[in-house]
Amino acid sequence: MIKPLNAFDLKNKRVLLRVDFNVPIEGDRVVDDFRIKQTLPTIKFCLESGAKLIIMSHMGRPMGRYDNNFSLMAAGESLADLLEMPIKFSSDCISEDSRDVTLGLKSGEIHLLENLRFHSGESANDPEFCAELARHGDIFINDAFGTAHRSHASNVGIAKHFSHKGIGFLIEKELNFLSKIISKPPRPLTLLLGGAKIDSKIDLIDYFIGVADNILIGGGMAFTLLTAKGFEVGNSLVDQSKISIATELIEKAKAKNNLMLPKDSICARSLDPTKAKKAYHVSKMPKNMTGLDIGPKTTEFFSSIINQSKTVIWNGPLGMFENKDFCEGTLKLAECLAQNTEKGLISIAGGGDTASALRNFNLENKMSHLSTGGGASIELLSGKTLPALFALEV
Ligand code: AMP
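The structure displayed is predicted, hence computed values, not measured ones.

A. Up close: the site of the ligand. Lining the immediate environment of the ligand, one finds 14 residues, of which Ala 196, Lys 197, Gly 220, Gly 291 and Glu 322 sit closest. The separation between a nitrogen atom of the ligand and a polar main-chain atom of Gly 220 is 3.1 Å. With respect to the ligand, the backbone of Gly 291 contributes an N or O atom lying 3.0 Å from a nitrogen atom. In isolation the ligand offers 510 Å² of accessible surface; the protein chains occlude 84% of this area. Taken together, the residues of the shell around the ligand sort by class into five nonpolar, five polar and four charged.

Next up, the structure:
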C-alpha cells in the first residue's frame, strides 16, 4: 500500500518533500513555471496542516558538481512569488548549515535545498548520501512524478530511512489517470505517438500492440517503421539500429491490425522557409528530401480515428513543431483532441515536447490530463513498476 498525503498528521512535523523543479531558466528567471505550479496543492496542504516543510529537487544534469547554471535559487524565487511568502534557501543540500536551517524551522515555514545533483551520490543512489538527506525530515513525501522512473537517492534510497512515507497530490493525480487507464480504459483506446527517438518508445508500442485498439505513429520515429516496411524515405530520420525490432513490431501488430503509419509526409530540402515544402505519399518521397511533418492525408486519417475513440494517450509531436512550417500536423491533431475532449473523450498527453506544443497552441488546459512526466508516464503505461513508487510501499 502507498499512503496518500492526507493520511498523515503533519502538525509540527518536519516533512521532507521531493518535487520536480526541473524548470527552464533564462538568466536568473524561471521562464516556464508549469512544474512548480503543479506542486502547489501539496505544498499548501503541508503548510496549512502545520508542517515544517523541507523541499528538495534536481535540476538539469550538473554531473555531480556545483554549477551556477543549475542552481534552484530561481525556482525558489518563483515559488516564493507564487506563495507570496519568504522561503529559506540552503546552498548545499546536506551541509551542517542546511541541517541547522531545517532544525530551526517553525511550523508553516519552507526551507528549499539546493540542487540534489550537485552531489554525485544523488544519481548513484549512494547509501551515505541517502542517510545524510534523510536527516532533514520526520516524514518523507514524494511528489516528483517526472523522476519516478529513476532509481536515485532522493526518491528511492532515501525511502528506507522512513517509516512514515507517502505520495503527494501530484503523483496521486497522475496515478489516478494513468493507472486507471491501464486497468480499464473506455474503448476504443488509441495511442498517438510522435517525436524523434523511437528507442525510448519501443516498449510502449510493444505493450500497446497487445492492449490498444489503434496505435497511430507520426513524427520522426515513423520513418524507422516505414523503412522496416520497405519504403524509401529520403533523408528522413531513421534509426538503423532499430530496424529489426521495428520489423518485429510490425509483424506482431499484423494479427491485431492496430498499428497505423503515416500515409504522406510534408517534405523539404532544408529548414529554410524560402525553400519549397511539399506533401508526398510515403511511397514517393524524393531521395534528397526530408520528412518533417505528417501530410494532410495522414492528419485526416488520424483525426478520423481520434473522432471514434473514447480514450487517447498522446506522447510526442507529429512533426518538427518548433518550426511553424512543420507544426500543422501536431496542431490539427491537438485541436482534434481538444474538440473531442469537450464531447467526453478521455485525452491524456505526456512528455515535455507534447506539453510545450500544447502550450504553443494555447491548448494545454484542453486535455483531460497533461502528465508532468514523459519517461515516467511511458514506463507506467508500458505496464512497468516505477522504482520510486515501489520504494514507498508500506
Ligand atoms: P522526442 O524527444 O523523441 O519525443 O522528440 C521530440 C522532437 O522530435 C521534437 O523536438 C520535434 O521537433 C522532433 N520531431 C518530430 N518529428 C520530426 C521529424 N519528422 N523529423 C525530425 N524531428 C522531428
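From this point, the discussion proceeds with the structure in view.
B. Fine view of the side chain of His 111. Its place among the elements puts His 111 in strand 7 (residues 110-113). Since its relative accessible area comes to 0%, His 111 is described here as buried. Once residues within four sequence positions are removed from consideration, His 111 is found in contact with Leu 53, Ile 54, Ile 55, Lys 88, Phe 89, Ser 90, Ser 98, Val 101, Thr 102, Leu 105 and His 136.

C. Molecular detail of a negative patch on the surface. Residues Asp 28, Glu 77, Asp 81 and Glu 84 make up a contiguous surface patch of negative charge. With respect to the helices, strands and loops of the structure, Glu 84 is situated in the loop between helix 3 (73-83) and strand 6 (88-90). The exposure class assigned to Glu 84 is exposed, which follows from its relative accessible area of 74%.

Basis of the calculations
Residues numbered from 1 in each chain as written. Predicted model: local features only at pLDDT ≥ 70, side-chain atom pairs only at ≥ 80, totals over all residues. Heavy atoms only, no water. Near = heavy atom within 4 Å. Polar contact = N/O pair within 3.5 Å; in protein donor to acceptor, adjacent residues only side chain to side chain. Areas by Shrake-Rupley, 256 points an atom, 1.4 Å probe, with all protein chains shown as cover. Nonpolar A, V, L, I, M, F, W, Y, C, P; charged D, E, K, R; others polar. Helix = DSSP H or I, 4+ residues; strand = E, 2+ residues; numbered from the N terminus. Buried < 20%, exposed > 50% of the residue type's maximum accessible area, 1.4 Å probe, protein only. Contact = heavy atoms within 4.5 Å. Patch = residues over 30% accessible without salt bridge, like charges linked within 9 Å, V, L, I, M, F, W, Y side chains within 5 Å. Salt bridge = Lys/Arg side-chain N within 4 Å of Asp/Glu carboxyl O. Lys, Arg positive; Asp, Glu negative; His and termini not counted. Charge placed at Lys NZ, Arg CZ, Asp CG, Glu CD.

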